[in-house]
Amino acid sequence: MHKKNYLIDMDGVLVSGKKMIPGANKFIEKLKTKGIKFLVLTNNSIYTPVDLAHKLQRNSLDINQKQIFTSAMATADFMKSQKHNGSAFVIGESGLNLAIHNAGYILTNENPDFVVLGETFDYNLRQISKAIQLIIGGAHFLATNPDPIGPGERGVVPACGAMAALIEKASGKSPFFCGKPNPFMIRSALNYLGVHSENTVMIGDRMDTDIVAGIQSGMETILVLSGITNLKQIKEYPYQPFQIVKSVSNIEI
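Every residue gets a number counted from 1 within its own chain, in the order that chain's sequence is written. Selection of residues for local features in this predicted model requires a pLDDT of at least 70, selection of side-chain atom pairs for listing and counting requires 80 or more, and totals for whole chains, interfaces and linings are taken over all residues. Values reported for side chains reflect all heavy atoms of the structure, with hydrogen atoms and water molecules removed beforehand.

**Here we look at the sheet that holds strand β4 (residues 38-42)**
Alright, step 1. Here the rule is simple: two strands pair whenever DSSP picks up at least two bridges between them. Here a strand is any run of E in DSSP of at least two residues, a helix any run of H or I of at least four, and the numbering for each starts at the N terminus. Reading across from one edge, β5-β4-β1-β13-β14-β15 is the order of the 6 strands in this open sheet, with parallel pairing throughout. One side of each edge strand has no neighbouring strand; the edge strands of this open sheet are β5 (68-70) and β15 (243-245). Each strand of the sheet is rotated relative to its neighbour by a mean of 25°, with strand direction disregarded.
Alright, step 2. With 3 bridges joining them, β4 and β5 adopt parallel strand pairing. Across the sheet, the residue bridging to L41 is F69, located in β5.
Alright, step 3. The contact rule is simple, with two residues in contact once any of their heavy atoms fall within 4.5 Å. All axes are obtained by fitting lines to C-alpha atoms, using only the stretch in contact for helices, and the reported angles, taken between N-to-C directions, cover 0 to 180 degrees. The sheet contacts of helix α2 (residues 49-58) involve β4 and β5, and relative to β5 the element is tilted by about 125°.

**Description of unusual backbone geometry**
Alright, step 1. P181 follows K180 through a cis peptide bond whose omega is 15°.
Alright, step 2. You can see P181 is positioned in the loop between β12 (176-177) and α7 (183-193).
Alright, step 3. Phi at S60 takes a positive value of approximately 65°, unusual for a residue other than glycine.
Alright, step 4. Within the fold, S60 resides in the loop between α2 and β5.
Alright, step 5. Even without glycine at this site, N85 takes up a positive phi of about 55°.
Alright, step 6. Of note, N85 is situated in the loop between α3 (71-82) and β6 (87-91).

**Re the side chain of N43**
Alright, step 1. Note that N43 resides in the loop between β4 and α2.
Alright, step 2. Only protein chains enter the accessibility calculation, which uses a 1.4 Å probe; a residue whose area is less than 20% of its type maximum is buried, one above 50% is exposed, and one in between is partly exposed. Residue classification places N43 among the buried residues on the basis of a relative accessible area of 10%.
Alright, step 3. Think of a polar contact as two N or O atoms within 3.5 Å of one another; within protein, one of them needs to be a possible hydrogen donor and the other a possible acceptor, and neighboring residues in sequence only count if both atoms come from side chains. Polar contacts involving the side chain of N43 include one to the main-chain amide nitrogen of K180, which spans 3.0 Å.
Alright, step 4. Excluding anything up to four places from it in sequence, N43 contacts S71, N145, D147, G179, K180 and M185.

**What to know about the pairing of strand β14 (residues 220-224)**
Moving residue by residue along a regular strand, the side chains alternate between the two faces of the sheet.
Alright, step 1. Taken across its 5 residues, β14 has 4 buried, putting it largely inside the fold.
Alright, step 2. Direction of pairing for strand β13 (residues 200-204) relative to β14: parallel, over a ladder of 4 bridges. Residue pairing in the sheet places G204 in a bridge with L223 of β14.
Alright, step 3. Each parallel crossover has a hand, and for β13 linked through helix α8 (residues 207-216) to β14 it is right-handed.
Alright, step 4. The pairing of β14 with β15 spans 3 bridges and is parallel. In the strand pairing of β15, I222 is matched with Q243. Consider the strands pointing away from the viewer: the crossover is right-handed when the path from the first strand over the helix to the second runs clockwise.

Here's what the structure looks like:
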């Protein structure tokens, strides 16, 4: 049998907040020892792969920047597939800005081809208003991911999906989400890794993003219970993962 490749969600699978999930480092070591290709996926568009690799390495996870794929990278891939050397008005942090710049796009607030919304540390109403005006004026509306809330220091905070809903309501234009659960991000990651869906496994902790994206991309899926999903919730979905395990340390490869 051919060795399987792995697409691995980051939050809830390898790390939880600022801490490594027990056994995640040994799982990564096992993949490396056996020469198995893998890629760590995240819908978080704030950080660059370099930043994320540093974060993971500080948590004893031996993962480099080339083994990380973000929703910002998927968004940049989509933009490049639609138009080469275009322009964009971007609301986001360095992870998104750098990915779009590397795709050959000019960042501008004057007649852009795309308005791109990502995660940010502090959404600015002036930028949101500008985005609405540009979309009404004809710019295409993209967003990195549909997550409505994210973790903050004092509790949950509005995330990309919530801001996208605000812009959609004001502009009358719906966004195209490039990150999970859009299969586009999975296909983009598979191309980046140089593998095929039939030989690749998707590992995630969310039924509504990781597992559904893997299934829609024709992949084998593994749900880990180390994140936000519990056994009772799994039964509520019309689709089911191929395998359910407590954590990545329980996956046999």
